[in-house]
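# Tertiary structure, described
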Amino acid sequence: MTIKVRKFVVTVEETEKEIGKAVTPPTRRAAALAVIENPFAGTYQEDLEVLMQAGEDLGRILGEKAVAALGVAPSAIESYGKAAIVGEAGELEHAAAILHPRMGKPLRQAVEKGAALVPSSKKMGGLGTVIDVPLGHKDAAYVRSHFDAMEVRVPDAPRRGEIVVAIAVTDSGRPLPRVGGLTTDEVKGEDGLR
């Protein structure tokens, strides 16, 4: 990878009980984050190719780390999302260059398929900034039980010239979903919607 990585952080959440009711099986989600150097911090750069390439590399690396953290086969992943926090010497377009042009393809490979768009969010912030990684079903956007988000942060990042990049995946939807809509057993996964 052409971008310098300062650290990786991987976290797993497992919900076994919600409002006093058992969640069976438990809902699980994982996030893998990279704290990277922003090569364009403090300067305007027309060509963001280096960050686009970093997005492609991180889509694979973080996707594989997140799936491995859940300890399931890639095909067992049900939803995904991505996010980035740019340090104050950067700009939102730096996050967009990482998240949008090329990150999706290797992430889809890491989770096997992924017909639906990968939900994303981006923001600027300093040390310990929190971001919600939006989540949606990987093959069908209309699966309401999987509309969710995972809150992530790195206490010592991003520094002024850094970017925090995050990918989150789940092996299920929200705990105890009951708002209707398309169910996972009805997913066709052909158009990214149903």
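Keep in mind it's a predicted model, so treat the numbers as computed, not measured. (Residues numbered from 1 in each chain as written. Predicted model: local features only at pLDDT ≥ 70, side-chain atom pairs only at ≥ 80, totals over all residues. Heavy atoms only, no water.)

### Observations regarding the pattern of salt bridges
We apply this condition: What counts as a salt bridge is simple: a side-chain nitrogen of Lys or Arg found within 4 Å of a carboxyl oxygen of Asp or Glu. Strands here are runs of E lasting at least two residues and helices are runs of H or I lasting at least four, both read from the DSSP assignment and numbered beginning at the N terminus. Summary of the burial criterion: residues with accessible area below 20% of their type's maximum are buried, those above 50% are exposed, and those between are partly exposed, where the area comes from a 1.4 Å probe applied to protein chains only.
Inspection of the entire model under this criterion finds 10 salt bridges. Residue R6 pairs with E162 through a salt bridge whose shortest N-O separation is 2.6 Å. Remark: E162 occurs in strand β7 (residues 162-170) and R6 occurs in strand β1 (residues 5-18); sequence separation between them is 156 residues. Overall, R6 belongs to the partly exposed group, its relative accessible area being 30%. Looking at E162, the relative accessible area reads 8%, which means it is buried. Between E13 and R29 there is a salt bridge, with the nearest N and O atoms lying 2.8 Å from each other. Taken together, the residues span a long stretch of sequence, with E13 in strand β1 and R29 in strand β2 (residues 21-37) at a distance of 16 residues. A cluster of three or more residues bridged by salt bridges with shared partners is formed by R6, K7, D156, R159 and E162.

### A word on the side chain of S79
To keep it simple, the criterion reads: Pairs of N or O atoms within 3.5 Å make up the polar contacts considered here, provided that, within protein, one atom can donate a hydrogen while the other can accept it, and that residues adjacent in sequence are counted only when both atoms are side-chain atoms. Any pair of residues with heavy atoms lying within 4.5 Å of one another is described as a contacting pair.
You can see S79 is positioned in strand β3 (residues 79-86). Residue S79 is classed as buried on the basis of its relative accessible area, which comes to 1%. At 2.5 Å, the side chain of S79 forms a polar contact with the side chain of T170. Not counting chain neighbours up to four residues away, the residues in contact with S79 comprise L135, G136, H137, K138, H146, A168, V169, T170 and S172.

### Observations regarding helix α1 (residues 49-70)
Where we set the bar: Here the expected length of a helix is defined as 1.5 Å per residue gap, with one fewer gap than residues. A residue's bend is simply the angle between two axes: one fitted to the seven residues ending at it, one to the seven starting at it.
The first and last C-alpha atoms of α1 sit 32 Å apart over 22 residues, in line with the 32 Å expected at 1.5 Å per residue. In α1, a bend of some 25° at L58 exceeds every other bend along the element. Of all the positions in α1, only L51, A54, G55, D57, L58, G59, I61, L62, G63, A66, V67 and L70 are classed as buried. Its buried side turned inward, α1 meets β1, β2, α2 (92-99), α3 (104-111) and β7.

Keep in mind that these numbers describe shape and distance, not what the molecule does.
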